Amino acid sequence: MSDAGKPMVVNAHTTPFLPYDLKGPVEPELSWLPVSFDRETQCGTYLMRMQPGAVTIEHQHPGMEKFLVLEGDLVDSDGTVFGPGDLVSYDAGTRHNSCTEGGCLLAVFEWRRP
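Residues numbered from 1 in each chain as written. Predicted model: local features only at pLDDT ≥ 70, side-chain atom pairs only at ≥ 80, totals over all residues. Heavy atoms only, no water.

Draft legend 1. Seen up close, the environment of Thr94. Tracing the backbone through its elements, the reader meets Thr94 in the loop between strand S8 (87-90) and strand S9 (95-96). Remark: the alpha-carbon pair of Thr94 and Cys43, spanning 51 residues in sequence, is separated by 16 Å. Of note is the side chain of Thr94, whose polar atom sits 2.7 Å from the backbone oxygen of Asp91. (Helix = DSSP H or I, 4+ residues; strand = E, 2+ residues; numbered from the N terminus. Polar contact = N/O pair within 3.5 Å; in protein donor to acceptor, adjacent residues only side chain to side chain.)

Draft legend 2. Representation of the packing of aromatic side chains in the model. Overall, the coordinates contain seven aromatic pairs when judged by the stated rule. On the numbers, 6.3 Å between centres and 90 degrees between planes, the contact of Tyr20 with Trp32 is edge-to-face. With Tyr20 in strand S1 (residues 18-20) and Trp32 in strand S2 (residues 27-34), this pair connects stretches of sequence that are 12 residues apart. Here Tyr20 and Trp32 have matching classes, each one buried. Seen in terms of ring centroids, Phe67 and Phe82 are 5.9 Å apart; in terms of plane orientation they differ by 85 degrees. Their pairing is edge-to-face. Placement of Phe67 in strand S5 (residues 64-72) and of Phe82 in strand S7 (residues 81-82) is noted, with a sequence separation of 15 residues between them. Like Phe67, the residue Phe82 is buried in the burial classification. It is Arg49 that lies over the ring of Phe17; its NZ or CZ is 4.5 Å from the centre. (Phe/Tyr/Trp six-rings, centres within 6.5 Å; stacked < 30°, edge-to-face > 60°. Buried < 20%, exposed > 50% of the residue type's maximum accessible area, 1.4 Å probe, protein only. Lys NZ or Arg CZ within 6 Å of the ring centre and 35° of its normal.)

Draft legend 3. Geometry of the environment of Ile57. Locating Ile57 in the fold gives a position in the loop between strand S3 (44-50) and strand S4 (59-60). Here Ile57 falls in the partly exposed class, since its relative accessible area comes to 32%. The sequence separation of Ile57 and His96 amounts to 39 residues, and the corresponding C-alpha distance is 8.4 Å. If we ignore the near neighbours within four places in the chain, the residues touching Ile57 are Lys23, Pro25, Glu27, His96 and Asn97. (Contact = heavy atoms within 4.5 Å.)

If you want it as structure tokens, here you go:
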């Protein structure tokens with residue numbers, strides 16, 4: 001019997017996360033769990049965990065990005081505070097960085113318009 005049609009299940013609480021290095025050097029206060037992310041195309045889905053006090057490096061999005069805050073708080077470089085349940089969208093070319101006071105867990109979706 002084939003696995004076709006069966007869902008892929010990734011549990012954010014039991015699956016080990018990896019060191020986060022998508023924007024260049026490893027950012028030690030961040031970790032990620034690739035679900036369907038392709039490094040070559042920079043498209044797909046992943047979970048990202050930020051430890052309390054973490055700050056991302058400033059970066060520019062090559063494509064579209066959406067993220068859903070699952071747990072915790074996230075503060076964008078413009079001062080906007082996001083919390084659980086917030087779904088945030090960025091256009092290609094957006095430049096920013098983010099930080100968290102208490103830590104957070106995000107579901108991130110990156111893609112390019114056809």
